[in-house]
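Examining the three-dimensional arrangement
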Amino acid sequence: MSRSPSFSLKTESNPKLDLKSLRQWVVAFCIIKFDLEQGQLIEECYPPGCLTQDEELEVAFSSFPDSVSQHQNRSSIHDCIFFFRFQRRENSQRGKVSSSEITEIEDKEKSPKLVDQVKRIKNTGDCKGAKYLYGYVFNRQRHDERLKRGGDQRSVVILSHNPYSSVFRPLLQIMGPLYFDIGKRALEHIASYVSIWPAPIPGKLMELPIGNAMLKVNLPPAHSLPSDSGVLFEESISSMAPFLPTNQSVPQGLFHDSDLFGIFRGLLLQLWVLWELLLIGEPILIIAPTPPQCCEAVAGLVSLVAPLLCSVDFRPYFTIHDPEFAHLNSLQEGDNFPPMVLGVTNLFFLKALRTVPHVVSVGNPSPNSNRPVLAARSSTGRFSARPEGFGLQQLSLRKFSPSNLLSAVKLRREGPLCLMTEHKEAIWTTYAATTKPDTSILNRLIDAGMSPRVEESMSVVNNEILRRHFLELTTNFLAPFGPYFRVITPSEGSSPFVDPPPLTPFNADEFLGSLSARGPGKFLSKRMRSNWLDLYRRFLRGHNFMPWFQRRRAVAEQEQHRLWRQARMNTDIQHFISEMSELEIVDSFNAIERHLLGEIKLLQSERGNPDSAATFQKLKGDLQAVFNLLPKDMQQLLLLNPQKAALLQGSLEVTELPGHQTTEVGVVASASPR
């Protein structure tokens, strides 16, 4: 929806390329050509050597629209932007560069330094760890009768480990036209600018310079990013809490910039069905006429369940060349289709993937034509029952007529295969939703009219209304799980040196029984039918629950550990031990020693915090203070242990910890004093 930013290259020389910094955002930039004899070919990959040959093929095949979606627009030049996602193979060997790439990079005068950087990054495993790659595509189709087959097409592709659509879409709007103006130098220019960007900060507004332009983008929050993205981000308990955010401008999930209203405007009443299907991890096939439309639909669908971590495998643009297709195509009637959301444009999938239980058809076959206006409103401002406003199955809001009933029956009988002859916006599913559509939300949506500029502005408003509602819906649905993430802090007068109590254990049957007794809450009770508990049962069995729950628990445990560690730092040890019995003093000594050894291990690892050294010194002082109160015979006994003697006599200095021989032995032996 956003217009292309104005851009020009700065007159001064480009910044030097820093590959390590570049990889925080981008894996590679690719130029892909459609060759009439050899098919899709990668012409350029910068920097080279980041992809295996199999991954190169996947990128090449996913970077062009299917032939069935090309005939819709016969203008001389047609540009479109879309994105895809594919799985990286664990057994593939990183860094295999094709001979053409090696020749190309070694022919450049400035290539040796770049080659050395690529080798260093491969040796440190920078390309490893991420399970999926995202490809953001700027595709240009040029129709010219003077050319063979009447035209040609190329794609500019940005590959990244992260689903930062808010960054890469506007970047493509700059980089795509720039490549077709100045050629492959555009890749080096853009890569140099990206490499000086600061490290990504999830959930924050970032200003990213690119030439004379500045991209101001909101990144999705850390709790919505897959943990297998290859990049570790700090998550706070506040960002994961089941409460509505106070700042509504901050994104709460993936693809917060997707045009939810624009792509689903023909199926608005079905959004609540789609929300449930994705919530419980059901497989969904989304059919659209063009790659941008099917990508927008998949992205919009994923954004519906924010702030829930979406663990369903989603593919914004899926083709028959994807390695997963062979397995999916082999599934027989009665086999369970894996939990996936597939966005496709090729109608062949309707026959090949007949076992998908839920099929959604969205979009307009003529994207450049004026889209139909929103359903007409009556004089009271409420949605009328006119059929042209929504999908083809919404009989509940229409006046009964034989023609409406026959159309719905015919549509259900024909099934999704009716799309082979005519594109229709519809959904085919036997799933009975628990959540009722909120007509008060639909009545707030603004009719955009026929003006494209007004329509774009109104879509922004409508997207905010819809996204806010589903954020509130998901947050209230997840709220009953809140007690299982509740952090316990040390109570006044209690010892912060003992181990913190574990979080409340979770048992599915006990949870459902307790929830059934107290009800779903005021917000959900007004919007869900009497079988609302079944939705929780499906959610617990679904693909999204356990990854989200385990991650939330891990964040809560980390927060509890941080609070208890801070409490130990703030404890006045002299006041704390002044009223202790001898047995309590001994227990405190053992507990402080255990925490002290933990801090030593932390300092020796790469996970040490800036305050780890201060914590180490504080605990060492506390250990000495407690030791001084112990009986003389017990002190002598403790000093016979080399590890304890080293801790007490101060022979372990923080500056000597990494690689200290005595410390290593002490850590191994630290399991005994508990």
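Refer to the structure presented above.
Below you will find a few notes about this structure.

Conventions we followed
- Residues numbered from 1 in each chain as written.
- Predicted model: local features only at pLDDT ≥ 70, side-chain atom pairs only at ≥ 80, totals over all residues.
- Heavy atoms only, no water.
- Helix = DSSP H or I, 4+ residues; strand = E, 2+ residues; numbered from the N terminus.
- Buried < 20%, exposed > 50% of the residue type's maximum accessible area, 1.4 Å probe, protein only.
- Contact = heavy atoms within 4.5 Å.
- Areas by Shrake-Rupley, 256 points an atom, 1.4 Å probe, with all protein chains shown as cover.
- Core = buried A, V, L, I, M, F, W, Y, C linked by side-chain atoms within 4.5 Å.
- Pairing = 2+ DSSP bridges.
- Phe/Tyr/Trp six-rings, centres within 6.5 Å; stacked < 30°, edge-to-face > 60°.
- Lys NZ or Arg CZ within 6 Å of the ring centre and 35° of its normal.
- Polar contact = N/O pair within 3.5 Å; in protein donor to acceptor, adjacent residues only side chain to side chain.
- Axes fitted to C-alpha atoms, helices over the stretch in contact; angles between N-to-C directions.
- Parallel < 35°, antiparallel > 145°, perpendicular 65-115°, else oblique.
- Left-handed = near helix turned anticlockwise from the far one by under 90°.
- Nonpolar A, V, L, I, M, F, W, Y, C, P; charged D, E, K, R; others polar.

1. Things to note about the overall build of the chain
The helix and strand tally for the chain stands at 25 helices and 12 strands. Within the chain, the fraction of its 674 residues that count as buried is 52%. For the chain, the proportion of contacts with a sequence separation of at least 24, taken over those separated by at least 6, is 76%. Here the chain has roughly 31900 Å² of accessible surface; of this, 52% comes from carbon and sulfur atoms.

2. Considering the nonpolar core
Taken as a class, soluble globular proteins show a tendency for nonpolar side chains to be buried jointly. Counting residues in hydrophobic clusters, the biggest one holds 127 residues, and the most contacted among them are Trp25, Phe29, Trp275, Phe477, Phe539 and Trp548. What Trp548 contacts, discounting residues up to four positions off in sequence, is Leu308, Leu309, Leu478, Phe481, Phe485 and Phe539. In terms of nonpolar packing, the next biggest core, distinct from the first, is built from 22 residues, Phe576, Ile577, Val626 and Leu630 among them.

3. Observations regarding the pairing of strand E1 (residues 28–35)
A large share of E1 lies buried, amounting to six of its eight residues. The sheet contact formed by E1 and strand E5 (residues 151–160) spans six bridges and is antiparallel. Bridging from a neighbouring strand, Cys30 pairs with Val157 of E5. Taken together, the seven bridges between E1 and strand E2 (residues 39–46) define a ladder with antiparallel strand orientation. Bridge pairing in E2 links Ile32 to Ile42. What sits between the antiparallel neighbours E1 and E2 is a turn of three residues.

4. Side note on the environment of Ala554
Checked against the element boundaries, Ala554 lands in helix H19 (residues 545–570). Ala554 sits 69 residues away from Phe485 along the chain, and the two C-alpha atoms are 9.0 Å apart.

5. Thoughts on the packing of aromatic side chains
On inspection of all chains with the given rule, the structure shows 41 aromatic pairs. Taking the centre distance of 6.2 Å and the plane angle of 20° together, the rings of Phe84 and Phe86 count as stacked. The exposure class of Phe86 is buried, given its relative accessible area of 1%. Relative to Phe511, the ring of Phe481 lies with its centre 4.4 Å away and its plane at 20°, an arrangement referred to as stacked. A residue pair is termed long-range when its members are at least 10 positions apart, and Phe481 in the loop between helix H15 (452–478) and helix H16 (508–518) and Phe511 in helix H16 qualify at 30 residues. Judged on exposure class, the residue Phe481 and its partner Phe511 are both buried. Sitting over the ring of Phe314, Arg85 keeps its end group 4.1 Å from the ring centre. Looking at Arg527, its charged tip hangs above the ring of Phe523, at a distance of 3.8 Å from the centre.

6. Section: the pairing of strand E8 (residues 284–287)
Burial along E8 is two-sided: the face carrying Ile284 and Ile286 and the face carrying Leu285 and Ile287 are both buried. Where E8 meets strand E10 (residues 340–344), four bridges bridge the pair, whose relative direction is parallel. Across the sheet, the residue bridging to Ile284 is Val341, located in E10.

7. Some words on unusual backbone geometry
Here the amide bond leading from Tyr46 into Pro47 is cis, since omega sits at -10°, within 30 degrees of zero. When you line up the elements, Pro47 lands in the loop between E2 and helix H2 (53–62). The omega torsion across Ala306 and Pro307 is 10°, close enough to zero to call that bond cis. Mapped onto the elements, Pro307 comes out in the loop between helix H10 (291–303) and strand E9 (313–315).

8. Here we look at the side chain of Glu296
With respect to the element layout, Glu296 can be found in helix H10. Among the residues examined, Glu296 registers a relative accessible area of 14% and is labelled buried. Within the structure, the side chain of Glu296 is placed 3.2 Å from the side chain of Arg169, a separation counted as a polar contact. Within the structure, Glu296 has its side chain in polar contact with the backbone nitrogen of Asp259 (distance 2.5 Å). Other than its neighbours up to four places away in sequence, Glu296 contacts Arg169, Asp257, Ser258, Asp259 and Ile263.

9. As for the sheet that holds E2
Read from one edge of the open sheet, five strands run E2-E1-E5-E4-E3, paired in antiparallel fashion. Two strands close off the open sheet at either side, each with one partner strand: E2 and strand E3 (77–87). When strand polarity is set aside, the average angle formed by the axes of neighbouring strands in this sheet is 20°.

10. Re the packing of H16 against helix H18 (residues 532–541)
Angle between the axes and distance between the axes are the two parameters that describe a pair of packed helices. Here H16 crosses H18 at 160°, and the two axes come no closer than 11 Å. Looking at the two axes, H16 sits roughly antiparallel to H18. As H16 packs across H18, the resulting crossing turns out to be right-handed. In contact with Ala508, Phe511, Leu512, Leu515 and Ser516 of H16, H18 contributes Trp532, Leu533, Tyr536, Arg537 and Leu540. A breakdown of the residues in the contact of H16 with H18 according to their chemical character gives eight nonpolar, one polar and one charged.

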